[in-house]
Amino acid sequence: MNKPLKLLLVSTPVGPLGSGLGGGVELTVLNIATILRKRGYEITIVAPETSQLESFSVVEIPGELQILAQTKNRHDPVILPDNSVLTNLWNYAREVADQYDIIVNFAYDWLPLFLTPFFKGKLIHLVSMASLTDVMDRAVQEAIKHCPGSIAFHTHSQAETFGLKAGYFCLSNAIELSEYHFCKEPKNQLAWVGRISPEKGLEDAVIASARTGIPLLIMGKIQDENYWQKIIQNNSQAPIEYLGFLSTEKLQAKLGQCLALVMTHRWIEAFGNVAIEALACGVPVISYRRGGPTEIIRDGVTGWLVEPDNINQLVNAIQKIDKIDRLACRQQAEMEYSLDALGDRIEQWLLESTVNRQQPTFYDQFSRIKTRG
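So, here's what we can say about the structure. Only a predicted model underlies this, so the values are computations on that prediction, with no experimental measurement involved.

Rules of the game
Residues numbered from 1 in each chain as written. Predicted model: local features only at pLDDT ≥ 70, side-chain atom pairs only at ≥ 80, totals over all residues. Heavy atoms only, no water. Pairing = 2+ DSSP bridges. Helix = DSSP H or I, 4+ residues; strand = E, 2+ residues; numbered from the N terminus. Axes fitted to C-alpha atoms, helices over the stretch in contact; angles between N-to-C directions. Core = buried A, V, L, I, M, F, W, Y, C linked by side-chain atoms within 4.5 Å. Buried < 20%, exposed > 50% of the residue type's maximum accessible area, 1.4 Å probe, protein only. Contact = heavy atoms within 4.5 Å. Expected span 1.5 Å × (residues − 1). Polar contact = N/O pair within 3.5 Å; in protein donor to acceptor, adjacent residues only side chain to side chain. Right-handed = clockwise from strand over helix to strand, strands pointing away.

## With respect to the sheet that holds strand E10 (residues 240-244)
Right, on to step 1. In spatial order, the strands read E10-E9-E8-E11-E12-E13; together these six strands make up an open sheet with parallel pairing. Strands at the two margins of the open sheet, each flanked by one partner only, are E10 and strand E13 (303-306). Each strand axis lies, on average, 20° off the axis of its neighbour in the sheet, ignoring direction.
Right, on to step 2. The sheet contact formed by strand E12 (residues 285-288) and E13 spans four bridges and is parallel.

## Topic: the nonpolar core
Right, on to step 1. If you look at the biggest cluster of nonpolar residues, it comprises 56 residues, and the most contacted ones within it are Leu-202, Leu-216, Ile-218, Leu-261, Val-285 and Ile-286.
Right, on to step 2. The contacts of Val-285, once residues within four sequence positions are left out, are Leu-261, Met-263, Ala-275, Ala-278, Leu-279, Ile-297, Thr-302, Gly-303 and Trp-304.
Right, on to step 3. Counting 31 residues, the second largest nonpolar core, distinct from the first, contains Leu-30, Ala-33, Ile-35 and Leu-36.

## A look at helix H2 (residues 85-96)
Right, on to step 1. For H2, built from 12 residues, the straight-helix expectation of 16 Å at 1.5 Å per residue is met to within 8% by its first-to-last C-alpha distance of 17 Å.
Right, on to step 2. Of all the positions in H2, only Val-85, Leu-86, Asn-88, Leu-89, Trp-90, Ala-93 and Val-96 are classed as buried.
Right, on to step 3. Elements in contact with the buried residues of H2: strand E1 (6-10), strand E2 (42-48), strand E3 (58-61), strand E4 (102-105), helix H3 (110-115) and strand E5 (123-126).
Right, on to step 4. Residue Ser-84 occupies the N-cap position of H2, its side-chain oxygen lying 3.1 Å from the main-chain nitrogen of Leu-86.

## Regarding the sheet that holds E3
Right, on to step 1. The strand order across the open sheet built from seven strands is E3-E2-E1-E4-E5-E6-E7, with neighbouring strands paired in parallel fashion. The sheet is open, and its two edges are formed by E3 and strand E7 (169-170), each paired on a single side.
Right, on to step 2. When E4 meets E5, the two strands line up parallel, connected through three bridges. For Val-104, the partnering residue across the bridge sits in E5 and is Ile-124.

## As for the pairing of strand E9 (residues 216-219)
Across a regular strand the side chains alternate sides, sitting on one face of the sheet and then on the other.
Right, on to step 1. Side chains of E9 alternate between two faces, with Leu-216 and Ile-218 and Leu-217 and Met-219 buried alike.
Right, on to step 2. As defined by bridge partners, strand E8 (residues 190-193) adjoins E9 across four bridges and the pair is classed as parallel. If you follow Ala-191 over to E9, its bridge partner there is Leu-217.
Right, on to step 3. For the crossover that starts at E8, traverses helix H6 (residues 202-212) and ends in the parallel E9, the hand is right-handed.

All quantities given are derived from atomic positions and should not be read as evidence of function.
Structure representation (structure tokens):
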């Protein structure tokens, strides 16, 4: 492959990098930027104002943050705030497009998908969440139709929610394994990690903690304060402790000391970065059998998959967590979710998208028709 040397990574418009508002997208941007720079690519990251991303400089774009897609109903109209950071991000990308070989979009939004043909084959997308709105479904399907190879998902389960069985690339995900330390002897405690908002189903993990009597460490950004306060009020006797939104170093230290990570999501998780973070620490994962975690967890080997929304099964899985070999968890992470493994997959996607760029795009065909007219 003749490697493209210059890549522009356009981050999510829902929050600055480093704020926690972007959820797993923030870690994904960092990991992809890290492994591609290591392999010789020149990386530029553009993101909302006040973004910070470890050793990378960021082109900061001002503007009003975009509304979270998961707070919308399926048939809601598209809303852009005044002075939208989303439009400002893509105005910038349009202005500098000629300076880059490939532009990678991380925004879960219709606008960059709609713009795909007009970037003449340079624009590709990593879709971060499962289907949430009809507008996004249509935008994804149209991008695949007119620009083959332009769409990647983290899991097949995620792609299926858009009604897709082919035409996309399955990228999976990864972490920097050296930042996660194996813990052989955990304490008698459980972990729950994620954005604290209704679709994550934290209350189920709290109830399971109360029933088993095993303390639950809660880590993540509080996105819905009313939801959080309701959980506290309804479970005043539960043995829970909220630790806040932690850095990777602090997160892995606390997570590694837990018997298990509990995932109680009510929506289709596109992937579940916290699952592979747990595995890297040797921590088994107990998850509802829903979405991306079903493609990560080896049931009965590196964790347990239970019936969605079934707290009784959740409790049963917690009670038999000692049957899982913690070393097997770490070994799975090393084999499947290293940055090098992700780098191989990304380069394969870039290769395929490069090949597809040689084919006429919808934009090219439209231009020829307009010229003839």
